[in-house]
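Given next are the chains, with one letter for each unit.
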Amino acid sequence: MADHVPGSKVDVSSIACGRLTINLSALAENYRLLAAKVAPAACAAVVKADAYGLGIEKVVPVLVQAGARLFFAALPEEGRKVRRLLDAMGASADVYVLAGLVPGTAALYLDEGVIPVLNDLAQVENWARLSTERNGTPLPCALHIDSGMNRLGLDSEELERLLSQPQLLAALDLRVIMSHLCSADEPDNSLNDEQHTLFSRALSRLPKSAASLANSSGIFLGQRFHFDLARPGIALYGCNPTPGKPNPMHQVVTLEGKILQVRGIDAPQSVGYGATYRVTGPGRIATVGVGYADGYLRSLSNKGRAFAQGVALPLVGRVSMDLTTFDISALAEGSLKPGDWVELIGENVTLDEVGHTAGTIGYEILTDLGRRYHRVYEDA
Ligand SMILES: *Cc1c(COP(=O)(O)O)cnc(C)c1O
């Protein structure tokens, strides 16, 4: 192998120790699948946290192409980026910011065409006042009614005060009324019905507007949770919105780690920091160039697994900053060597599995995905 040609440019893809492949066709397919499932309701796309770590620059255009016309970001700055991206594409789609009209953000919403989700009565009052000041042109907004999450949104007392001042909402272009489910991934949890009831009751008292309750898992609770607009995030990116059942979504993310060294161990020895794993018999350890600095969580130590050549390879010892060790004794000697890739997340070791093994959820695995990986976006 000619590894080094003097004067040649270094190929980043060939020196990377982690390779993150994002399948944009699967992403588009997931959007279409969810949109078809909620039709005739509309389907927004939640692209907060840089599209759950996958990169808004690549993800948003694919979702637009697949038919998405409404986007939710979490933070004001994210909303601004998504808005600019859509403008640069010439796409006519709306961008809502879940954080809402927090102090310091009015100019963003007024001047950059980003739409606030109003989360409390003070935000409604401020937005109505700004509407009036602007020649009375009603400004666009969404209204967030809390139905049990107790995180953002108007509580029941604020809702009563809002309803007693109809001139406030009359001053606004209220496009979406939303609430958020806290236990949608548990279909048997009675909180789902309780939230549905509270939300429906609020809707019946508010001006007619597009109603939105379901996140990814909420979509799978049944049609009555769809209302006019669904707001999936995680299912677009391939996690299972129906835990315990087969994943209806296509896999979007594959993470591979490169083997840096393979070592045979004959006598009993320990592996890694803290000597938390002992190899007893003869065996082989592969050291992979991905670690917790890449978002490959340390809590996977002695629990995770990789996959190669049809075989699961146990993660042994502690995950360190840049390195992780796997027991590859199950594979024939010489079948894995430095430079080979093993699957860390993908078809065999799913995002949901990695999240569960690490004591967290696929969401956190995605949003922690490291910056050192060589990213490969497979075409839509
Ligand atoms: C994050 C979020 C969503 C999307 O949730 P998923 O579980 O990722 O589908 C929808 N609505 C709100 C308010 C959110 O914060």
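Residues numbered from 1 in each chain as written. Predicted model: local features only at pLDDT ≥ 70, side-chain atom pairs only at ≥ 80, totals over all residues. Heavy atoms only, no water.

- As annotated in an unreviewed UniProt entry, the protein chain is Alanine racemase from Limibacillus halophilus.
- Under the UniProt heading Catalytic activity (unreviewed entry), the entry covering the protein chain gives this text: "L-alanine = D-alanine".
- The Function (unreviewed entry) comment attached to the protein chain in UniProt states, word for word, "Catalyzes the interconversion of L-alanine and D-alanine. May also act on other amino acids." (UniProt positions renumbered as here; feature names shortened; annotations may be inferred.)

## Some points on the site of the ligand
- Inspection of the region around the ligand gives 14 residues, with Lys48, Tyr52, Ser216, Ile234 and Tyr363 positioned closest.
- At 2.5 Å from an oxygen atom of the ligand is found a side-chain nitrogen or oxygen belonging to tyrosine 52.
- Within the contact set of the ligand, a nitrogen atom lies 3.0 Å away from a side-chain nitrogen or oxygen of arginine 231.
- Protein contact buries 93% of the 390 Å² of open area that the ligand shows by itself.
- For the shell around the ligand, the class distribution of residues is 7 nonpolar, 4 polar and 3 charged. (Near = heavy atom within 4 Å. Polar contact = N/O pair within 3.5 Å; in protein donor to acceptor, adjacent residues only side chain to side chain. Areas by Shrake-Rupley, 256 points an atom, 1.4 Å probe, with all protein chains shown as cover. Nonpolar A, V, L, I, M, F, W, Y, C, P; charged D, E, K, R; others polar.)

## Re the environment of proline 103
- In this structure, proline 103 sits in the loop between strand E5 (94–97) and helix H6 (106–111).
- In this structure, the C-alpha to C-alpha distance between proline 103 and glutamine 123, residues 20 residues apart in sequence, is 9.1 Å. (Helix = DSSP H or I, 4+ residues; strand = E, 2+ residues; numbered from the N terminus.)

## Section: the environment of valine 46
- Note on placement: valine 46 falls in strand E3 (residues 45–46).
- We classify valine 46 as buried; its relative accessible area is 5%.
- For valine 46 and arginine 231, which are 185 residues apart along the polypeptide, the C-alpha to C-alpha distance reads 6.2 Å.
- Discounting residues that sit within four places of it in the chain, valine 46 has contacts with Tyr52, Phe72, Arg231, Pro232, Gly233, Leu236 and Tyr237. (Buried < 20%, exposed > 50% of the residue type's maximum accessible area, 1.4 Å probe, protein only. Contact = heavy atoms within 4.5 Å.)

## Concerning unusual backbone geometry
- A cis amide bond, omega 10 degrees, links alanine 39 with the succeeding residue proline 40.
- Here proline 40 lies in the loop between helix H2 (24–38) and strand E2 (42–43).
- At alanine 51, a position not held by glycine, the phi torsion is positive, near 55 degrees.
- Following the sequence through the fold, alanine 51 ends up in helix H3 (residues 48–52).
- Judged by its relative accessible area of 0%, alanine 51 falls in the buried class.
- Of note, the phi angle at alanine 275 is positive, near 45 degrees, even though the residue is not glycine.
- Along the chain, alanine 275 turns up in the loop between strand E12 (269–271) and strand E13 (277–279).

## Quick notes on the UniProt feature "active site" (unreviewed entry) in the protein chain
- Mapped onto this structure's residue numbering, the UniProt feature "active site" (unreviewed entry) falls at Lys48 and Tyr273. On the basis of their most widely separated C-alpha atoms, the annotated residues across 226 residues do not gather in one place, lying as much as 35.7 Å apart.
- In this fold, lysine 48 is placed in helix H3.
- Contacts of lysine 48, omitting those with residues within four sequence positions, involve Phe72, Ala73, Ala74, Glu78 and Leu98.
- Along the polypeptide, tyrosine 273 turns up in the loop between E12 and E13.
- When neighbours within four sequence positions are excluded, tyrosine 273 is seen to be in contact with Arg318 and Ser320.

## Topic: the nonpolar core
- Counting residues in each nonpolar core, the largest one holds 118 residues, and the members touching the most others are Val47, Leu63, Phe71, Phe72 and Tyr237.
- Inspection of this core shows a minimum of three residues originating in each of domain 1 (24–237) and domain 2 (253–378).
- Setting aside residues up to four positions removed in sequence, tyrosine 237 forms contacts with Leu27, Val46, Val47, Ala51, Tyr52, Leu54, Val59, Val252, Val253, Leu351 and Leu366.
- Of all hydrophobic cores here, the second largest spans 5 residues; its members include Ile265, Val271, Val279 and Val316. (Core = buried A, V, L, I, M, F, W, Y, C linked by side-chain atoms within 4.5 Å. Domains from an automatic or database assignment.)

## Thoughts on the packing of aromatic side chains
- Scanning all chains against the criterion turns up 5 aromatic pairs.
- Where tyrosine 52 meets tyrosine 363, the ring centres are 6.2 Å apart and the plane angle is 35 degrees; that geometry is what we call tilted. Residue tyrosine 52 is located in helix H3, and its partner tyrosine 363 is located in helix H13 (residues 362–367); the two are separated by 311 residues in the primary sequence.
- Overall, the relative accessible area of 6% leaves tyrosine 52 in the buried class.
- Relative accessible area serves as the criterion here: at 33%, tyrosine 363 is assigned to the partly exposed category.
- Connected via pairs of aromatic rings, a cluster forms that spans Tyr52, Tyr237 and Tyr363. (Phe/Tyr/Trp six-rings, centres within 6.5 Å; stacked < 30°, edge-to-face > 60°.)

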